[in-house]
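# Residue-level structural notes
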Amino acid sequence: MQHNNVLILDFGSQYTQLIARRVRELNIYCEIHPFNKIPSNLDRFNAVILSGSPFSVRGENALHPDLTEIRGKKPLLGVCYGAQYLAHFSGGEVAPSNTREYGRANLSYIKEGEDFFKLIHEGSQVWMSHSDTIKDLPTGAVLLASTRDVKNAAYKIEGEDTYAIQFHPEVYHSVDGKQLLHNFLVDIAGLKQDWTPQSFIEETVEELKVKLGNDKVVLGLSGGVDSSVAAMLLNKAIGKNLYCIFVNNGLLRKNEFQDVLDQYQDMGLNVKGVDASARFLDALEGKSDPEEKRKTIGRVFIEVFDDEAHQIQEVKWLAQGTIYPDVIESVSATGGPSATIKSHHNVGGLPDFMKLKVVEPLKLLFKDEVRRVGASMNMDKQLLGRHPFPGPGLAIRILGDITPEKVRILQEVDAIFINNLKSWNLYDKVWQAGAMLLPVNSVGVMGDERTYEKCVALRAVESTDGMTADWVNLPYEFLQKTSNEIINKVKGVNRVVYDISSKPPATIEWE
């Protein structure tokens, strides 16, 4: 794609993806690459950003990028570790900080007349997160900004478009962070802001037409945002040659199989619904270990999907809804494999099993960009706003073994919870919500009778990407009404609790 392109070199910071998302919000395209795997063709990048890092530039394990073809040749911005790296190895000094440099701080000094700080004023709040500090600036550096505790909060190198900051402009708490990135990328580096959902759609559809020609493509739909937007892009490119398969594993939400099929028909997609719920539940019988359940569901899905795909003659491509975080996470900042991508993001082993080539039309996009692309294609707002839902479905929200009766109970509980969130206008304020069926019974009283029935836990979190999450402070009146409705209407449940754990240390799902 012929757009301005920013290269972000990742040193393992938890905030690196946030940098990319902030750059994309400026309608500027960017890519993340590990610091030690700098692309050989640097001509396609117009500016470079060095990320933060959990490492210290003073340590034996300091990360050393080769900036020979970057420094002084392209506009360069060092953030946190990047700023300290430029200082430490260019005649400056980085030392352990005498004061705590984490959290909110305010700019107490800004050098006048600098484009880098245009429209940003003294007192602006920034976010610090480092244990080392730049004691002496590197050779040829000019101080641009300070805070009360951090003298060298920002600097530039004279004679170069090289800038460095010790704070994080990408996080929400740096209130003028987006403006600072705009100043660097647009005013200093001269990049155009032409990376838009509509331009992505037009260019991707044209690329797909050329790549796929008259070949047939099979796509496994999940009912979620990613696979649905991928299907719409492919449908625009190849129409009738796209064959979509939506498998009911028996672990979807109440009535979801038919509801989603109806929704897809309204979108003009060629979709075949396959109800394999009995096959999945039979395979899961007696299995209670979370990983064993996931592997069983993955194996059966491959079998069902393969059976259906073989009924389509001369299929050459498998389409997947892989998005950019999946691609990034496949390689860590140290060049090796990072945490394993969740199995439902990718059909594990399926391309080799079926001998198909893979096409991934969304692999350049973040989740919020996927939604914007879908909106630009006039896709249903309800589908685009759908909460993330785990690939194994309710199997990992039923702690312990799976039975049809447990699935029924949890589907009923989940339906009440989700429908109430919608009727109270809370659904769109929550990133993800669901119910967990716990492997315990509790004593209760209904009428004059003693009961000994199941306990369910409700979970609602707010997040941007699922990497961290905070529990949502739902109104007591909402929780009271929802609890009463569940206990009164769902046979087999006599107790409801609300999960107020954040991630970390907890996870969003319970298994």
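The structure displayed is predicted, hence computed values, not measured ones. (Residues numbered from 1 in each chain as written. Predicted model: local features only at pLDDT ≥ 70, side-chain atom pairs only at ≥ 80, totals over all residues. Heavy atoms only, no water.)

## Considering the overall build of the protein chain
Counting its regular elements, the protein chain contains 14 helices and 18 strands. Over its C-alpha atoms the protein chain spans a radius of gyration of 26 Å, differing by no more than 12% from the 24 Å that the globule rule assigns to 511 residues. In terms of principal-axis extent, the alpha carbons of the protein chain reach across some 80 × 65 × 40 Å. Within the protein chain, contacts between residues separated by at least 24 positions form 74% of all contacts whose residues are at least 6 apart in sequence. Of the roughly 23200 Å² that the protein chain leaves accessible, carbon and sulfur atoms contribute 48%. Separation of charge centres in the protein chain, based on 56 positive and 67 negative side chains, amounts to 2 Å. (Helix = DSSP H or I, 4+ residues; strand = E, 2+ residues; numbered from the N terminus. Rg over C-alpha atoms; globule rule 2.2 N^0.38 Å. Contact = heavy atoms within 4.5 Å. Areas by Shrake-Rupley, 256 points an atom, 1.4 Å probe, with all protein chains shown as cover. Lys, Arg positive; Asp, Glu negative; His and termini not counted. Charge placed at Lys NZ, Arg CZ, Asp CG, Glu CD.)

## Re the side chain of asparagine 248
Its place among the elements puts asparagine 248 in strand S11 (residues 242-248). At a separation of 2.9 Å, a polar atom in the side chain of asparagine 248 contacts the main-chain amide nitrogen of glycine 250. Leave out the neighbours within four places in its chain, and asparagine 248 touches Phe257, Val274, Asp275, Ala276, Ser277 and Phe280. (Polar contact = N/O pair within 3.5 Å; in protein donor to acceptor, adjacent residues only side chain to side chain.)

## Quick notes on the nonpolar core
Counting 50 residues, the largest nonpolar core has Val218, Leu251, Val413, Leu421, Leu474 and Ile486 as the members making the most contacts within it. A per-element tally of this core places helix H13 (residues 404-423) first, with 8 residues. Sequence-distant contacts of leucine 421, that is, excluding residues within four places in its chain, are made with Leu426, Tyr427, Ala433, Leu474 and Phe478. With 42 residues, the next largest nonpolar core counts Leu219, Val229, Ile238 and Leu365 among its residues. (Core = buried A, V, L, I, M, F, W, Y, C linked by side-chain atoms within 4.5 Å. Buried < 20%, exposed > 50% of the residue type's maximum accessible area, 1.4 Å probe, protein only.)

## A closer look at helix H5 (residues 225-238)
Over its 14 residues, H5 extends 20 Å from the first C-alpha to the last, a length consistent with the 20 Å expected when each residue adds 1.5 Å. Looking only at H5, the buried set comprises Val225, Asp226, Ser227, Ser228, Val229, Ala230, Ala231, Met232, Leu233, Leu234, Ala237 and Ile238. Count one or two residues on from H5 and you reach glycine 239, which has phi positive near 55°. (Expected span 1.5 Å × (residues − 1).)

## Observations concerning the environment of lysine 236
Inspection of the secondary structure assignment puts lysine 236 in helix H5. Each C-alpha atom, one on lysine 236 and one on tyrosine 452, is 55 Å from the other, the two residues being 216 residues apart in sequence. Sequence-distant contacts of lysine 236, defined by excluding residues within four places in its chain, comprise Ile201, Val205, Lys209 and Met377.

## Examining the pattern of salt bridges
Applying the stated criterion to the full structure yields 28 salt bridges. The partner of lysine 111 in a salt bridge is glutamate 114, with the nearest N and O atoms 3.4 Å apart. Accessibility expressed as a relative area gives 28% for lysine 111, which makes it partly exposed. Notably, a salt bridge pairs arginine 253 with aspartate 414, separated by 2.8 Å at the nearest N-O pair. One end of the pair, arginine 253, is in the loop between S11 and helix H6 (256-266); the other, aspartate 414, is in helix H13, with 161 residues separating them in the sequence. Each of the salt bridges in this network shares a partner with another, and the network as a whole consists of Arg279, Arg299, Glu303 and Asp307. (Salt bridge = Lys/Arg side-chain N within 4 Å of Asp/Glu carboxyl O.)

## Section: the packing of aromatic side chains
Aromatic rings considered in pairs are described by the distance between their centres and by the relative angle of their planes. Within this structure, the stated rule accounts for 16 aromatic pairs. An angle of 20° between the planes, with centres 5.5 Å apart, marks the rings of phenylalanine 11 and phenylalanine 35 as stacked. Of this pair, phenylalanine 11 sits in the loop between strand S1 (5-10) and helix H1 (16-25) while phenylalanine 35 sits in the loop between strand S2 (29-34) and strand S3 (47-50), placing them 24 residues apart in sequence. The class for phenylalanine 11 is buried, based on a relative accessible area of 0%. Ring geometry for tyrosine 324 against phenylalanine 366: centres 5.4 Å apart, planes inclined by 80°, an arrangement best described as edge-to-face. On the criterion of sequence distance, the pair formed by tyrosine 324 in helix H9 (residues 324-329) and phenylalanine 366 in the loop between strand S14 (357-359) and helix H11 (367-376) is long-range, its members being 42 residues apart. The same class applies to tyrosine 324 as to phenylalanine 366, namely buried. (Phe/Tyr/Trp six-rings, centres within 6.5 Å; stacked < 30°, edge-to-face > 60°.)

## Considering H6
Those residues of H6 not exposed but buried are Glu256, Phe257, Val260, Leu261, Gln263 and Tyr264. Within H6, the buried residues cover an arc of 160° as seen down the axis, which keeps them to one side. Of the surrounding elements, those touching the buried residues of H6 are strand S10 (216-221), H5, S11, strand S12 (271-275) and helix H12 (381-384). Just past H6, the residue glycine 268 takes up positive phi, approximately 80°. (Arc of directions from axis to C-beta.)

## Focus: the confidence of the model for the protein chain
Per-chain confidence: the protein chain averages 89 in pLDDT, with 92% of residues scoring 70 or above. Ranking the helices and strands of the protein chain by mean pLDDT puts S3 first, with 98, and helix H10 (residues 350-354) last, with 62. Below pLDDT 50 for its whole length, residues 332-348 participates in 35 contacts with residues either more than four positions away or in separate chains. (pLDDT = per-residue confidence, 0-100.)

## Quick notes on the state of the cysteines
Enumeration over the complete set of coordinates arrives at 0 disulfides. Distance from the sulfur of cysteine 30, which forms no disulfide, to the nearest cysteine sulfur (cysteine 80) is 19 Å. Classification of cysteine 30 as buried rests on a relative accessible area of 0%. (Disulfide = S-S within 2.5 Å.)

## Considering unusual backbone geometry
That bond from lysine 503 to proline 504 is cis: its omega, -10°, falls within 30 degrees of zero. Within the fold, proline 504 resides in the segment after strand S18 (493-498). With an omega of 10°, the peptide bond running from proline 504 to proline 505 counts as cis.

## Things to note about the pairing of S10
Each regular strand carries side chains that alternate between the two faces of the sheet. Direction of pairing for S10 relative to strand S13 (residues 315-319): parallel, over a ladder of 4 bridges. Its bridge partner being in S13, valine 218 is matched across the sheet by leucine 318. One crossover worth recording links S10 to the parallel S11 by way of H5, and it is right-handed. (Pairing = 2+ DSSP bridges. Right-handed = clockwise from strand over helix to strand, strands pointing away.)

## Brief notes about the sheet that holds S13
Taken together, 5 strands build an open sheet; the order of strands is S12-S11-S10-S13-S14 and the sheet is parallel. At either margin of the open sheet sits one strand with a lone partner, and together these are S12 and S14. Here the strands of the sheet are splayed against their neighbours by 30° on average, with no regard to which way each runs. Across the face of the sheet, helix H4 (residues 197-212) comes into contact with S10, S13 and S14 while running at roughly 170° to S14. (Axes fitted to C-alpha atoms, helices over the stretch in contact; angles between N-to-C directions.)

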